[in-house]
Amino acid sequence: MSADVPGVTPAQIVIGQSAAFSGPAAELGTQYRAGALAYFDYVNAIGGVHKRQIRLLTRDDQYEADHAAANTRILITKENVFALFGYVGTPTSNAAIPIVNAARIPFFAPLTGASSMREPFNRFVFNIRAGYNDETEFLIDRSVRIGIRKIAVFYQNDAYGLAGLAGIENALRKRNLSLVETATVERNSTDVGAAVQRLMLKKPEVVVQISAYSSSAALIRQMRDRGFAGQFYNVSFVGGQALMDLLGKDAHGVVISQVVPFPWTTANPLVNEYAAVMRKAGYEQLNFSSFEGYIAAKVFVEGLRRAGPELTREKFISALETINTRTYALSGFDIQFSRTSHNGSRFVEMTVIGADGKFKN
């Protein structure tokens, strides 16, 4: 192996992550990282990958694009990481991509469903989760099937919110329907008063929320306080556990689409493995975000194994492209990469928060 492969020594592989670990979206970064670290630590404890330990360096970007760009430059040029892993959010991931392309570095499993991570094809970007178009199509299809027609959208005024809004509008257009109203909130803000006023006037049957958990919780609470009797739908990025923790009893009935299997299904071997590894690492609370981080880490490690002991970025990318449903089994969660598609999954299912404060599916 060449001695100048960034982040790779005979003893370790260093990878980097920029995500929100403080601010209104901190729970997303914290939970995702917890699941990933639990798996990496598990692998390290049994000898690593080709005798190398995996070391994850993390930097806080507070869910702000300029911070994410700065962190990315530092991770690549100063920390000399082998790959980038587990960025959280659309605006932050978008900010990193030009730097990723220039450095020709793998960008693995960002926690975003934005089309900008999927189209056009980018050889350096690998997605584990389904896209927002998959999630919004799923939610709209199920709404329309049960007779719901008056649908509004509350969205974050940035690339994430606009991506989700476009997905909903496309799904409705296919059914000759349109939104009854839209309302926005700024990223990292809970100032939702104007949005509440705007949405209440149109009396939608469903408000689909494309925002982070703090602003989504504020909208739900204020609209319910004003007598809103409709439903709230969310895509997975909201962070279901964080949303439920903020809302308490007001979380009852909130619908969230999910892009990983239900983390409490004991009949699923992958779930049982995740639960055991998390508990061994000291995490008693299971949730969708840490499960996504766990799955991402597991697939990342499989790529490292397939790349072999003479590790390079090019070998790693080529190895990941051999992972598919014929050669790699994850119970209840299929991963399908190829030389022409790095969109690993289209898995989506619906959950609802019950009166007992637990997720149902």
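Provided above is the structure to which this section pertains.
To start, this report covers the structure provided alongside it. (Residues numbered from 1 in each chain as written. Predicted model: local features only at pLDDT ≥ 70, side-chain atom pairs only at ≥ 80, totals over all residues. Heavy atoms only, no water.)

Comments concerning the sheet that holds strand S6 (residues 151-156)
At step 1: Spatially, S7-S6-S8-S9-S10-S11-S12 is the arrangement adopted by the 7 strands of the open sheet, whose pairing is mixed. Edge strands, defined here as strands with exactly one partner in the open sheet, are strand S7 (181-185) and strand S12 (359-360).
At step 2: Relative to strand S9 (residues 231-234), strand S8 (residues 206-210) is paired through 4 bridges, and the arrangement is parallel. Looking at the pairing, valine 206 lines up with glutamine 231 of S9.
At step 3: Each of S6, S7 and S8 is contacted by helix H6 (residues 193-202), which is oriented at about 165 degrees to S7, the strand it contacts most. (Pairing = 2+ DSSP bridges. Helix = DSSP H or I, 4+ residues; strand = E, 2+ residues; numbered from the N terminus. Contact = heavy atoms within 4.5 Å. Axes fitted to C-alpha atoms, helices over the stretch in contact; angles between N-to-C directions.)

Side note on the sheet that holds strand S5 (residues 125-126)
The strands making up a sheet associate through backbone hydrogen bonding, with each pair oriented either parallel or antiparallel.
At step 1: With parallel pairing, 5 strands are arranged side by side in an open sheet as S2-S1-S3-S4-S5. Only two strands of the sheet have a single neighbouring strand rather than two, namely strand S2 (53-60) and S5.
At step 2: The sheet contact formed by strand S3 (residues 83-85) and strand S4 (residues 107-108) spans 2 bridges and is parallel. Bridged to phenylalanine 85 within S4 is phenylalanine 108.

What to know about the pattern of salt bridges
At step 1: The full count for this structure, using the stated rule, is 18 salt bridges.
At step 2: The salt bridge involving lysine 360 is made with aspartate 356; its shortest N-O contact spans 2.8 Å.
At step 3: The exposure class of lysine 360 is partly exposed, given its relative accessible area of 35%.
At step 4: Through salt bridges with shared partners, a single network forms among Glu137, Asp141, Arg142, Arg145, Lys174 and Arg175. (Salt bridge = Lys/Arg side-chain N within 4 Å of Asp/Glu carboxyl O. Buried < 20%, exposed > 50% of the residue type's maximum accessible area, 1.4 Å probe, protein only.)

Quick look at helix H4 (residues 132-145)
At step 1: If you check H4, its first and last C-alpha atoms are 20 Å apart, about what 14 residues at 1.5 Å a residue would give, namely 20 Å.
At step 2: The buried fraction of H4 amounts to 10 of the 14 residues, a majority that puts the element mostly inside the structure.
At step 3: Along H4, the residues that are buried comprise Tyr132, Asp134, Glu135, Thr136, Phe138, Leu139, Ile140, Asp141, Ser143 and Val144.
At step 4: Buried residues along H4 sit in contact with helix H3 (90-103), S6, helix H5 (159-173), S9, strand S10 (255-258) and strand S11 (349-353).
At step 5: Of the residues trailing H4, glycine 147 is marked for its positive phi of about 95 degrees. (Expected span 1.5 Å × (residues − 1).)

A look at the packing of aromatic side chains
At step 1: Overall, the coordinates contain 25 aromatic pairs when judged by the stated rule.
At step 2: Residues phenylalanine 262 and tryptophan 264 carry aromatic rings whose centres are separated by 5.0 Å and whose planes lie at 70 degrees to one another, so their mutual orientation is edge-to-face.
At step 3: A residue is classified by how much of its surface remains accessible, and tryptophan 264, at 33% relative accessible area, is partly exposed.
At step 4: An aromatic cluster of three or more residues is present, and its members are Tyr32, Phe40, Phe82, Phe85, Phe108, Phe126, Phe300, Phe316 and Phe337.
At step 5: Sitting over the face of the ring of phenylalanine 138, arginine 142 holds its NZ or CZ atom 3.6 Å from the ring centroid.
At step 6: When the ring centre of tyrosine 63 is taken as reference, the NZ or CZ atom of arginine 187 above it lies at 6.0 Å. (Phe/Tyr/Trp six-rings, centres within 6.5 Å; stacked < 30°, edge-to-face > 60°. Lys NZ or Arg CZ within 6 Å of the ring centre and 35° of its normal.)

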